Amino acid sequence: MHATYLLLLVACFVGTLPLEFVLHTRVYAQWLRLLGTLIPVVIVFGGWDLLAIHQHTWHYNGRYLVGVTLPGRLPLEELLFFLVIPTCSILALEAVRARQPDWFADDPVQQ
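Residues numbered from 1 in each chain as written. Predicted model: local features only at pLDDT ≥ 70, side-chain atom pairs only at ≥ 80, totals over all residues. Heavy atoms only, no water.

Topic: the packing of helix α2 (residues 31-54) against helix α3 (residues 76-99)
Packed helix pairs are specified by the crossing angle of their axes together with the interaxial distance, meaning the distance between the axes. Note the threshold: To define axes, lines are fitted to C-alpha atoms, for helices over the stretch in contact only, and angles between the resulting N-to-C directions are given on a 0 to 180 degree scale. Helix and strand assignments follow DSSP, with helices taken as H or I runs no shorter than four residues and strands as E runs no shorter than two, numbered in order from the N terminus. Roughly parallel here means an angle under 35 degrees, roughly antiparallel means over 145, roughly perpendicular means 65 to 115, and every remaining angle is called oblique. Handedness of a crossing is defined here by the sense of rotation of the near helix relative to the far one, left-handed for an anticlockwise turn of less than a right angle and right-handed for a clockwise turn. Should any heavy atoms of two residues lie within 4.5 Å, those residues are considered in contact. For this classification, Asp, Glu, Lys and Arg are treated as charged, while Ala, Val, Leu, Ile, Met, Phe, Trp, Tyr, Cys and Pro are nonpolar and the rest, including Gly, are polar.
One can describe the packing of α2 onto α3 by two numbers: an axis separation of 9 Å at closest approach and a directional angle of 140°. As summarised for this structure, α2 and α3 are arranged oblique, according to the angle between their axes. Here α2 runs over α3; the crossing is right-handed. Where α2 approaches α3, its residues L34, T37, L38, V41, V42, F45, G46 and D49 are matched on the opposing element by E78, L79, F82, L83, P86, T87 and I90. For the contact of α2 with α3, the per-class residue count stands at ten nonpolar, three polar and two charged.

Considering the nonpolar core
Under the convention used in this document: Grouping buried Ala, Val, Leu, Ile, Met, Phe, Trp, Tyr and Cys residues that are joined through side-chain atoms within 4.5 Å yields what is termed a nonpolar core. Buried means the residue's accessible area, taken with a 1.4 Å probe over protein chains only, is under 20% of the maximum for its type, while exposed means over 50%, and partly exposed covers the values in between.
Y5, L9, I53, Y60, L65, L74, V84 and C88 together form the largest nonpolar core, which totals eight residues. Going through the elements one at a time, α1 (4-22) and α3 are the ones with two or more residues in this core.

Some thoughts on a nonpolar patch on the surface
For clarity, the threshold we go by: For patches, a residue must show more than 30% relative accessible area and have no salt bridge; joins then use 9 Å for like charges and 5 Å for nonpolar side chains, namely Val, Leu, Ile, Met, Phe, Trp and Tyr. Computed by Shrake-Rupley with a 1.4 Å probe, the accessible areas treat only the displayed protein chains as cover when residues are assessed. In the sections that follow, a salt bridge refers to a side-chain nitrogen of Lys or Arg positioned within 4 Å of a carboxyl oxygen of Asp or Glu.
A surface patch of nonpolar side chains, about 880 Å² in accessible area, is lined by W31, L32, L35, I39, I43, V44, F45 and W48. Positionally, W31 belongs in helix α2. A relative accessible area of 54% places W31 in the exposed class.

Structural notes on the packing of aromatic side chains
Short version of the rule: For Phe, Tyr and Trp, rings pair up if their centres lie within 6.5 Å, where Trp contributes its six-membered ring, and each pair is then called stacked (planes under 30 degrees apart), edge-to-face (over 60) or tilted (otherwise).
Under the criterion given, the structure shown has five aromatic pairs. Taking 5.8 Å as the distance between ring centres and 20° as the angle between the ring planes, the aromatic pair formed by F45 and W48 counts as stacked. On the criterion of helical spacing, the pair formed by F45 and W48 is a turn pair, its members being three residues apart in helix α2. Counting every residue linked through ring pairs, the aromatic cluster contains F45, W48, F81 and F82.

Observations concerning the confidence of the model for the protein
The line we're drawing: Confidence of the predictor at the level of single residues is captured by pLDDT, which takes values from 0 to 100.
Of the residues in the protein, 94% reach a pLDDT of 70 or more, and the chain-wide mean stands at 92. When pLDDT is averaged over each element of the protein, α2 comes out on top at 97 and α3 at the bottom at 95.

Pasting the structure below:
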């Protein structure tokens, strides 16, 4: 199926989205903080993927992709991966914090 990778990302996003509203994690409300986390991820890991693609050490199976390719032959789904998965991880962390408010997880903002 050509949309497998995209559907997995959508499932991850949809599966964690209720955490924002049910547990009031405020991840999306603090969009500048989220953006400050996502930009380095996209730059570092996107650059890493682009280098690996350029050197022919990494490739993507087109059977699982929708076919939209960004500059450097990076599939759209790979860019979305670098946005969706860290966001889902942050939502999960903040959900735990919402349920365990005394747990700081080494966050200097809350200490």
